[in-house]
Amino acid sequence: MRHCVNCCIQLLPDDTHKSQIGCRGGGPHHCHQACPTCKGENKILFRVDSKQMNLLAVLEVRTEGNDSWGGFLRFKKGKRCSLVFGLIIMTLVMASYILSGAHQELLISSPFHYGGFPSNPSLMDGENPSDMKEHHHQPSVNNISYVKDYPSIKLIINSITARIEFTTRQLPDLEDLKKQELHMFSIIPNKFLPNSKSPCWYEEFSGRNTTDPYLTNSYVLYSKRFRSTFDVLRKAFWGHLLHANGKHFRLRCLPHFYIIGQPKCGTTDLYDRLRLHPEVKFSAIKEPHWWTRKRFGIVRLRDGLRDRYPVEDYLDLFDLAAHQIHQGLQAGSAKEQVQMSKILIGEASASTMWDNNAWMFFYDNSTDGEPPFLTQDFIHAFQPNAKLIVMLRDPVERLYSDYLYFASSNKSADDFHEKVTEALQLFENCMLDYSLRACVYNNTLNNAMPALPCLGLLVYSWGNRLKRGSHHPESSNRLHVEWNEPLMPEGPGFWSQLWQVLIASLQPPPYYSWVSIFLPVRLQVGLYAVYLLDWLTVFNKEQFLILRLEDHASNVKYTMHRVFQFLNLGPLSEKQEALMTKNPASNARRPEDRNLGPMWPVTQKILRDFYGPFNIRLAQVLDDEAFAWKTRES
């Protein structure tokens with residue numbers, strides 16, 4: 001048997017590779033010489049952390065144009081075994097689904113176990129105040145059995161608590177930031193227009209009047225749901241250019257304030273109410289996620305990296321607000337100039353405060369596993385006077401709401417309990433070797449948190465190369481490989497897609513892989529103190545407005561008045577204020593999720609023990625005991 005040392009793929013007798021060499025990593029006696037033919041270009045590279053199961057995979061292969069279905073019939077012993085194995089797996093999955101009855105759960109146990117706890121496999125960002133209500137439920141046998149596990153889980157929590165240390169991070173130099181984002185620093189100026197409350201500047205536009213200014217915008221290219229938004233921007237664009245000295249100039253703006261977090265804490269409701277104020281203009285898309293994801297080419301981390309969204313694409317999202325500010329700057333009357341100059345631009349990506357998952361892929365000079373650069377470093381470099389709004393809620397309730405929102409099926413209090421215990425063990429394993437900050441920003445840990453039962457499949461497109469000019473930089477000789485959505489037995493096309501993957505195992509290269517995709521029970525998002533302390537290393541405390549969802553739910557009018565005062569917004573008429581405060585809450589929990597009832601009391605107790613030290617530290621930083629969430633009524 002012959003293998004390429006770089007790609008670990010079995011070579012056919014008539015292959016162009018000439019050397020009889022072994023596959024690297026197969027054993028101590030395998031050959032480690034490079035294949036002279038492919039010169040290291042063909043490879044299958046898996047970045048897998050066996051300890052924490054980070055299964056983000058990259059598959060790169062070369063294909064030959066004469067690959068055909070003829071290989072389907074050339075069964076060897078290994079392929080016959082693959083077929084039998086695949087049929088057995090499919091039979092077990094089908095049987096488990098049928099036998100599970102009304103519970104609709106897979107009966108096959110997860111291959112991944114954590115410590116002594118059973119691993120029963122099971123599976124943006126705003127939360128609405130009406131979800132604060134409690135539900136009554138009948139005690140479960142599982143709930144009673146989970147109580148018996150509490151002492152063991154308490155030992156894990158005690159282990160984590162003993163290692164908690166809130167340290168001050170070392171700030172990067174401005175020159176280091178510039179080296180990381182040369183293009184961004186070349187586009188955004190050091191100074192902004194003095195007669196605008198929002199940070200704006202004029203930029204030369206070199207396109208002609210037949211040019212589509214948004215032709216290459218990545219938000220349009222990669223998301224159909226944004227195309228209608230950009231149709232509106234196109235219609236308004238040409239009427240808001242400044243003409244001077246035979247050149248065209250467009251007004252560019254950044255947000256004056258950011259709603260930076262947290263997910264499932266009421267950010268959507270706050271956004272929907274605040275945008276009713278006539279002086280507030282938000283981005284064309286509610287959550288661009290540019291600072292945390294899109295500028296790195298991340299849409300969903302499990303899908304891998306795409307082309308990075310340039311800063312110009314992000315700035316395009318504020319064009320409608322920029323048009324109004326430009327209109328005021330060029331207005332003849334002083335009254336109109338004053339009115340338009342008061343416009344405040346906002347942005348409300350709930351990932352901004354906590355999500356730094358991309359740092360491992362782009363920043364090499366890490367110190368002890370801690371990210372050398374965080375999102376706030378770059379925002380502060382351009383906008384040291386930015387205003388930041390944070391909406392928080394009891395992290396215990398936030399996590400359960402987060403679980404219900406992202407899980408697509410098989411949701412239950414039992415499943416949530418098991419996912420919490422598994423996630424706690426993952427976090428403890430990290431804390432045994434690394435600092436608190438390293439574990440909170442650990443991309444591997446964030447993407448290895450336990451998931452609901454799903455059959456994760458790495459589905460490939462055999463024989464279909466990407467066209468030249470597509471987003472892949474080397475598309476002419478790469479096979480297009482994508483992550484499929486988690487396949488549920490009750491989902492559309494499950495069995496047909498499963499059969500396709502089984503058949504794929506019988507084909508010539510490229511080969512298939514079975515992969516479990518883990519979607520997170522995001523414990524780290526509730527560690528508010530860690531994130532806030534890191535933000536306070538670059539921004540002053542006076543630049544923050546920290547709100548609680550519990551207070552917002554009980555008195556919307558009071559919360560909104562605090563926001564108005566913080567942003568120095570003008571007063572509203574009684575009619576405008578009534579409309580803003582009496583509107584129903586946004587992003588309400590789905591009825592089917594409400595019917596599931598609350599988490600088990602023992603799960604709640606476990607999470608309160610875990611989050612307790614972090615809540616106490618948060619209350620100390622904010623000098624407000626309400627942020628300790630010591631009682632359910634707080």
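Cut-offs and rules
- Residues numbered from 1 in each chain as written.
- Predicted model: local features only at pLDDT ≥ 70, side-chain atom pairs only at ≥ 80, totals over all residues.
- Heavy atoms only, no water.
- Helix = DSSP H or I, 4+ residues; strand = E, 2+ residues; numbered from the N terminus.
- Buried < 20%, exposed > 50% of the residue type's maximum accessible area, 1.4 Å probe, protein only.
- Contact = heavy atoms within 4.5 Å.
- Disulfide = S-S within 2.5 Å.
- Axes fitted to C-alpha atoms, helices over the stretch in contact; angles between N-to-C directions.
- Parallel < 35°, antiparallel > 145°, perpendicular 65-115°, else oblique.
- Left-handed = near helix turned anticlockwise from the far one by under 90°.
- Nonpolar A, V, L, I, M, F, W, Y, C, P; charged D, E, K, R; others polar.

> Pulling in residues and values, what's your account of the environment of Arg273?
Examined against the element boundaries, Arg273 turns out to sit in helix H7 (residues 267-274). Classification of Arg273 as buried rests on a relative accessible area of 5%. Note: C-alpha distance between Arg273 and Lys582 (309 residues apart in sequence) is 9.5 Å. Among residues more than four places away in sequence, those in contact with Arg273 are His552, Val556, Met560, Met580, Thr581, Lys582, Asn583, Pro584 and Ala585.

> Which residues make up the state of the cysteines, and what values go with them?
Evaluated as defined, the whole model comprises 2 disulfides. Two residues, Cys200 and Cys253, share a disulfide whose sulfurs are 2.0 Å apart. Across the S-S bond linking Cys200 and Cys253, the dihedral sits near 110°, which makes this disulfide right-handed. With Cys200 in strand E3 (residues 200-205) and Cys253 in strand E5 (residues 247-253), this pair connects stretches of sequence that are 53 residues apart. Accessibility assignment for this pair places Cys200 and Cys253 in one class, buried. Here Cys430 engages in a disulfide with Cys439; their sulfurs sit 2.2 Å apart.

> How would you summarise the packing of helix H6 (residues 227-237) against helix H9 (residues 319-329) if you had to cite specific residues and measurements?
Look at H6 against H9: their axes get within 10 Å of each other, and the N-to-C directions meet at 25°. Put simply, H6 runs roughly parallel to H9. As H6 runs across H9, the sense of the crossing is left-handed. Between H6 and H9, the residues in contact are Leu233, Ala236 and Phe237 and Asp319, Leu320 and His323, respectively. Of the residues belonging to the contact of H6 with H9, the class tally is 4 nonpolar, 1 polar and 1 charged.

Keep in mind these numbers describe shape, not what the thing actually does.
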